[in-house]
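Residues per chain are reported as follows:
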Amino acid sequence: MHICLLPPEILLHIFAIYQKDYGPLNSRATLASLARTCKIFKEPALDILWKDIGGLEPLISCLVACLPEGVSEKNTRGMLTIKRPLLNVEWRLINRYTQRIQSLRVFTTQLDTIDDRVVQALISAPSLLLPNLRRLSWHDDRECFVPLLRTLLSPTITWLKMDSGSSNYPSFAKAALLASLGAQCPCIRDLKCFYDGVDSEETTDAICEALCGLKVLLRLETDILNTRALYHLAFLPSLEYLHLILSVYDAGEPQPDCISTFSSHFDQVRFTIPTPFVLSQRLNNVRFFSCRSVTVHVDHDDAPYDPVDATELISSFSRCFSPTLENISFEFDYPIGDIVEEDILDDPTFALRFDAIAPLLSFSHLINLDLDWICASAIDDASLKIMAQSWPHLENFFLGSLARWLVLPSLTFVGLVHLIHHCRRLRSIAFPFCACPVDVNSKPFSETIPNERITTLFVGVSPIVNPISVACQLHTLLPKLTSVGLLTSDAEFLVPPPFEHFEDGWRRVNDFLKVLFTNAKMKRNTGQAPLAHVVDLTDPGHSAH
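All of the points below concern the structure found in this document. (Residues numbered from 1 in each chain as written. Predicted model: local features only at pLDDT ≥ 70, side-chain atom pairs only at ≥ 80, totals over all residues. Heavy atoms only, no water.)

Details of the overall build of the chain
Phase 1 of the analysis: Helix and strand content of the chain: 21 helices and 18 strands.
Phase 2 of the analysis: Of all 545 residues assigned to the chain, the portion counted as buried reaches 51%.
Phase 3 of the analysis: Carbon together with sulfur atoms contributes 55% to the accessible area of the chain, which is approximately 24,600 Å² in total. (Helix = DSSP H or I, 4+ residues; strand = E, 2+ residues; numbered from the N terminus. Buried < 20%, exposed > 50% of the residue type's maximum accessible area, 1.4 Å probe, protein only. Areas by Shrake-Rupley, 256 points an atom, 1.4 Å probe, with all protein chains shown as cover.)

Concerning the packing of helix α17 (residues 381-390) against helix α18 (residues 413-422)
Phase 1 of the analysis: Interaxial distance between α17 and α18 falls to 9 Å at its minimum, and their mutual angle equals 10°. In terms of orientation, α17 lies roughly parallel with respect to α18. Packed against α17, whose contacting residues are Asp-381, Leu-384, Lys-385, Ala-388 and Gln-389, the element α18 presents Val-414, Gly-415, Leu-416, His-418, Leu-419 and His-422 at the interface.
Phase 2 of the analysis: Counted by class, the contact of α17 with α18 contains five nonpolar, four polar and two charged residues. (Axes fitted to C-alpha atoms, helices over the stretch in contact; angles between N-to-C directions. Parallel < 35°, antiparallel > 145°, perpendicular 65-115°, else oblique. Contact = heavy atoms within 4.5 Å. Nonpolar A, V, L, I, M, F, W, Y, C, P; charged D, E, K, R; others polar.)

Comments concerning unusual backbone geometry
Phase 1 of the analysis: Cis peptide bonds are those with omega within 30 degrees of zero, and the linkage from Lys-443 to Pro-444 qualifies with 0°.
Phase 2 of the analysis: Structurally, Pro-444 can be placed in the loop between β17 (428-430) and β18 (456-458).
Phase 3 of the analysis: Residues other than glycine seldom take positive phi values, yet Asn-466 does so here, at roughly 55°.
Phase 4 of the analysis: Within the secondary structure, Asn-466 is located in the loop between β18 and α19 (467-477).
Phase 5 of the analysis: Under the relative-accessibility criterion, Asn-466 is labelled buried at 17%.

A word on the nonpolar core
Phase 1 of the analysis: Counting 172 residues, the largest nonpolar core has Phe-271, Phe-288, Phe-317, Phe-321, Phe-397, Leu-474 and Trp-506 as its most contacted members.
Phase 2 of the analysis: Setting aside anything within four residues of it in sequence, one finds Phe-397 in contact with Leu-369, Leu-384, Met-387, Trp-391, Leu-419, Leu-426, Ser-428, Ile-429, Ala-430 and Phe-431. (Core = buried A, V, L, I, M, F, W, Y, C linked by side-chain atoms within 4.5 Å.)

Points about the packing of aromatic side chains
Phase 1 of the analysis: Evaluated as defined, the whole model comprises 18 aromatic pairs.
Phase 2 of the analysis: Taken together, a centroid distance of 5.5 Å and an interplanar angle of 85° make the contact between Tyr-305 and Phe-350 edge-to-face. Placement of Tyr-305 in the loop between β13 (293-298) and α14 (307-320) and of Phe-350 in the loop between α15 (342-345) and α16 (354-357) is noted, with a sequence separation of 45 residues between them.
Phase 3 of the analysis: Members of the aromatic cluster, joined through ring pairs, are Phe-262, Phe-266, Phe-271, Phe-288, Tyr-305, Phe-317, Phe-321, Phe-330, Phe-332, Phe-350, Trp-373 and Trp-405.
Phase 4 of the analysis: The ring of Tyr-241 carries the charged tip of Arg-219 above its face, separated from the ring centre by 4.0 Å. (Phe/Tyr/Trp six-rings, centres within 6.5 Å; stacked < 30°, edge-to-face > 60°. Lys NZ or Arg CZ within 6 Å of the ring centre and 35° of its normal.)

Things to note about the pattern of salt bridges
Phase 1 of the analysis: For the structure on display, the rule yields 17 salt bridges.
Phase 2 of the analysis: A salt bridge links Arg-142 to Asp-140, with the shortest nitrogen-to-oxygen separation between them at 2.9 Å.
Phase 3 of the analysis: For Arg-142, a relative accessible area of 27% gives the class partly exposed.
Phase 4 of the analysis: Residue classification places Asp-140 among the buried positions, given a relative accessible area of 2%.
Phase 5 of the analysis: Two residues, Glu-503 and Arg-507, come together in a salt bridge whose shortest N-O distance is 3.2 Å. Placement of both Glu-503 and Arg-507 in helix α20 (residues 502-526) is noted, with a separation of four residues, approximately one turn of the helix.
Phase 6 of the analysis: Residue classification places Glu-503 among the buried residues on the basis of a relative accessible area of 12%.
Phase 7 of the analysis: Among the ionic contacts, a cluster of salt bridges with common partners joins Asp-190, Lys-192, Arg-219 and Glu-221. (Salt bridge = Lys/Arg side-chain N within 4 Å of Asp/Glu carboxyl O.)

Fair warning: the whole summary comes from geometry, so function is off the table for now.
Listed below in structure tokens is the structure:
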């Protein structure tokens, strides 16, 4: 069948694939040419061409093109202006294109290219300017453009982002607009609202009013959600995801007597915080009873953490979240892995003890636990056994391997065996330990079933003795493991005893793991016997050179 005979729905799909493959910018000229090729191509090509608009320029260009010559011009400041209001016939022509727009992004620099007359013309459209708009991203906070923003807010919008642009304080007009958001855009499912943490009576009242009207809101990201607004948010039955950006001022906010309790379908929460202390204070009066995943992003460029604040933050998790929590992860803007200051890395006060981690034991459904940012050198094998028994569903476990800590780990190979023995679903492990071979004929090694799921083991900076025996025992427990990851040293990082030879030792482990894995694969494929001397090498009494 000739392409011109295809149904419009098929052509629409073909043109959408072309735009996706070549990108919106590179495909615009081709789609415009297709729209002028024939009547069959015109409507599908225009639909794709105008579906996603990355700025006001196409909209303004359309307005100019639809006006008679001489009606629009550039003023003395280089801004577009018009000499008279638009006529109905001109609006109908413009609407042929604007009705196709489903996604629009507006930035301050683009608004600087039009004068007040153009704005007045746009807000005076006889009908909805963008009647089929689904996604709107607005990056400006000047009060003179708030009427234009209000004009763009159609009842069809399901995704909305508003931030302060060049200003960091929301205007009164925008606060009023925010208060009416529920009535204007009742279908919003995803809302992002950022004002650099500004908190005022206007914005607080506005966000509370908006939240009451957004009955189908699924996702919210904001930095102006104080305790009172958070209390209103807890009553939204549809909310599934919350990203709350906190500032240092949130730690000093008076805590109310009431508890904000999130239940229903609430699934994920993400916090962006300056320090752990700020979050632990905010969590005192919040409960997430159905939340399954929490991510904490620390937006701070100072030392790793205050041990007291870190302990309090972990403790607050047990009060704030229910035992059904499945995922806990931390992200740091501060490059913890790049720390080379020895006074930090060998400071035992950074080492959190088991008591600091113990509040997390109640989360018996944990699948992913990321505590890689702490120093875990004070946690021993017995403590790790308790942790492993408490979290039998773990699949990914990261503990204290992110930085080059020079505090000697209390964990040994026995702790690793406990973890493998009790957490049968594990796929990835990361923690530093003192690696030396153990007695394979005694517990827990003798009772541990090999885990073929684990393909990733990261040891950070872990001292090691007898690398070949360690490799053999690792292969016995983790037959699919082909290499071990570690933090390498550099000119700025001088490794003191007993860590000085850890890199060479783990390189030997990796070399031998490859041999063992290849031999095991050969055995499976051909039925040949494994290397005869491998069993002997797992004996810690064997001498390896």
